[in-house]
Amino acid sequence: MGLKLREKAASFLFEYDTPRMVLVKNKKVGLIFRLIQLVVLGYIIGWVFLYEKGYQSQDGIISSVSVKLKGLTVTNISGIGPHVWDVADYVFPPQGDSSFVVMTNVIITRGQKQDICPELPDAGQCNYDGDCIQGKYSRQGQGIMTGKCVDFNNNVTTCEIFGWCPVEEDDQIPDPPMLLEAENFTLFIKNSITFPTFKVSRRNLVEGITTSYLKKCTYHKHTDPFCPVFELGYIVKESGQNFRALALKGGVVGITIDWDCDLDWPVTYCKPVYQFHGLYNDDNNVSPGFNFRYAKYYRDNGTDYRTLYKVFGIRFDILVNGKAGKFDIIPTMTTIGSGIGIFGVASIVCDLLLLHFLPRRDYYKQRKFKYAEMKTPVSVSNNSFLFYLRLQRAGGICMCVHV
């Protein structure tokens, strides 16, 4: 027993086995084998290594965005007169976040105070007091119903409400948009990013951008692709939309900043790419556009008043995406190992052709596989056994030994 264990241990430690190779001289199979290998090699080099950069480790992005707008316009609104609008009037919120709204149209309701007045017909039309439930409000209404049905005008009666009176009438949207000049306003985007794994930080104010250049440059995808100053009209146009149509009732535009950096090259090659996307579909007439309300309050003779603004504007959402890659031996070896494994596909396909589809498949099976057969000993007499030992085949002769 000990001798057998030693023999097995020696065999395990000091012997090496390798599969037997069968060389098949077949032009069709050989050509298919090399073509498959060529395709696999092209996939590994072209797609995995060069395009997907399988030899690099990857890192995500951490980003911060701030914006500044510049531009002035003048309106002459009935009841208000000439009015100059600057960034403090038409940008919301004023602190310059990555998501902001530029006002392009507005409906102004002046002199509202807490009082009772008739509701608008669309929200509270009635025939008698019973139609107006005291203390309730309509979803489209602008106040709490007092329980009375009163005259809205000579032809229509509506529920009386307690709220900010007079009520806002927003069914007539100014056309053309009041702040159509916003098309020429400029947007300055400052973007700072970092790749924490590689400890690399960048700004969109890349090399070559100076203070004097910033004062005169305006972004253009061909002539000034790295200038961080954008005209709003150009942004909307590149997003595939019409500024005038968008300014009338408002809409949404997405600005994406893409950082795709190969850190095997100098970091100065890591630069942003800007793209613009229209996120507003004007084909749907249900709740079109983008709008919101805000109010300015004041007190006169002890009574609180407000001026209500219904703002129609273009909302800009700035989205930053990015990744960085750098050579790393671990993903490189993993990719190479995976590629070597894929080469086995060629052998599998050719074996299928040889053993199952070609006319001489039976001959190839005999050459590829070696069959070993073990037979059970047969008793022929007391203490005598016949063992068939197939030692070799020579001229069809089978040699046997009797013990």
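About the cut-offs
Residues numbered from 1 in each chain as written. Predicted model: local features only at pLDDT ≥ 70, side-chain atom pairs only at ≥ 80, totals over all residues. Heavy atoms only, no water. Core = buried A, V, L, I, M, F, W, Y, C linked by side-chain atoms within 4.5 Å. Buried < 20%, exposed > 50% of the residue type's maximum accessible area, 1.4 Å probe, protein only. Helix = DSSP H or I, 4+ residues; strand = E, 2+ residues; numbered from the N terminus. Contact = heavy atoms within 4.5 Å. Expected span 1.5 Å × (residues − 1). Arc of directions from axis to C-beta. Pairing = 2+ DSSP bridges. Salt bridge = Lys/Arg side-chain N within 4 Å of Asp/Glu carboxyl O. Disulfide = S-S within 2.5 Å. pLDDT = per-residue confidence, 0-100. 1 Å grid on protein atoms, 1.4 Å probe; cavity = no way out; pocket = protein on both sides within 12 Å on 5 of 7 lines; lining within 4 Å. Points joined across faces, edges and corners; volume = space filled by probe spheres on them. Nonpolar A, V, L, I, M, F, W, Y, C, P; charged D, E, K, R; others polar.

Explain the nonpolar core residue by residue, including any values.
Counting 49 residues, the largest nonpolar core has L187, I189, F195, L232, I235 and F316 as the members making the most contacts within it. Broken down by element, this core gets its largest block of residues, 7 residues, from strand β15 (residues 303-327). Discounting chain neighbours no more than four positions away, the residues touching I189 are V65, S66, V67, N204, P228, F230, I255, I257 and I318. Among the nonpolar cores identified, the runner-up in size contains 10 residues, and C132, C149, C159 and V167 belong to it.

Break down helix α9 (residues 344-357) for me, citing the residues and quoting the values.
Here α9 spans 19 Å end to end across 14 residues, near enough to the 20 Å set by a 1.5 Å rise per residue. Taken as a whole, α9 has its buried residues at A346, C350, L354 and L355. For α9, the angular spread of buried residues about the axis comes to 135 degrees, placing them on one side. Seen from the buried face of α9, the exposed residues on the opposite side, beyond 90 degrees, are I348 and F357. In this fold, the buried residues of α9 make contact with α2 (27-51) and α10 (361-368).

Go over the pairing of strand β7 (residues 143-151), please, and point to the residues and values.
Bridge analysis of β7 against strand β8 (residues 157-165) gives 6 bridges, and the strand direction is antiparallel. Looking at the pairing, G143 lines up with G163 of β8. In sequence, β7 turns back onto β8 through a hairpin of 5 residues.

Mind laying out the pattern of salt bridges, listing which residues take part and the relevant values?
Inspection of every chain in the model, using the stated rule, returns 8 salt bridges. Residue R293 is joined to D170 by a salt bridge in which the shortest nitrogen-to-oxygen separation is 3.0 Å. With R293 in strand β14 (residues 291-300) and D170 in the loop between β8 and β9 (186-195), this residue pair connects regions lying 123 residues apart in the sequence. With a relative accessible area of 42%, R293 lands in the partly exposed category. Residue D170 is classed as partly exposed on the basis of its relative accessible area of 24%. Sharing partners across several salt bridges, the network here consists of E168, D170, R293 and K310.

Any details on the side chain of R202? Residues and values, ideally.
Position of R202 relative to the elements: it lies in strand β10 (residues 200-203). When its relative accessible area of 9% is taken as the criterion, R202 is described as buried.

Describe the state of the cysteines, naming the residues involved and giving the relevant values.
Applying the stated criterion to the full structure yields 5 disulfides. Covalent S-S linkage joins C132 and C159, the inter-sulfur distance amounting to 1.9 Å. Between C132 and C159, the S-S torsion sits near -90 degrees, and that sign places the bridge as left-handed. One end of the pair, C132, is in the loop between α4 (121-124) and β7; the other, C159, is in strand β8, with 27 residues separating them in the sequence.

Describe the confidence of the model for the protein chain, with residues and values.
Low pLDDT means the predicted atomic positions in that stretch should not be read closely. Mean pLDDT over the protein chain: 86, with 90% of residues reaching 70 or higher. Below a pLDDT of 50 lies the segment residues 380-403, which in the model reaches 20 contacts outside its immediate sequence neighbourhood of four places, other chains included.

Now, about empty space enclosed by the protein: what can you tell me, with residues and values included?
Using the criterion set out here, one finds 1 cavity of 30 Å³ or more in the structure. Forming the boundary of the largest cavity are E119, A123, G124, Y137, S138, G141, G143, M145 and I161. Those elements giving two or more residues to the lining of the largest cavity turn out to be α4 and β7. Of the residues that constitute the lining of the largest cavity, the class distribution is 4 nonpolar, 4 polar and 1 charged.

Please provide a residue-by-residue account of the environment of I342, values included.
Position of I342 relative to the elements: it lies in helix α8 (residues 329-342). Using a relative accessible area of 29% as the deciding quantity, one classes I342 as partly exposed. When the C-alpha positions of I342 and F92 are compared, they lie 56 Å apart, and in sequence the two are 250 residues distant. Setting aside its immediate chain neighbours within four residues, I342 contacts V40 and Y43.

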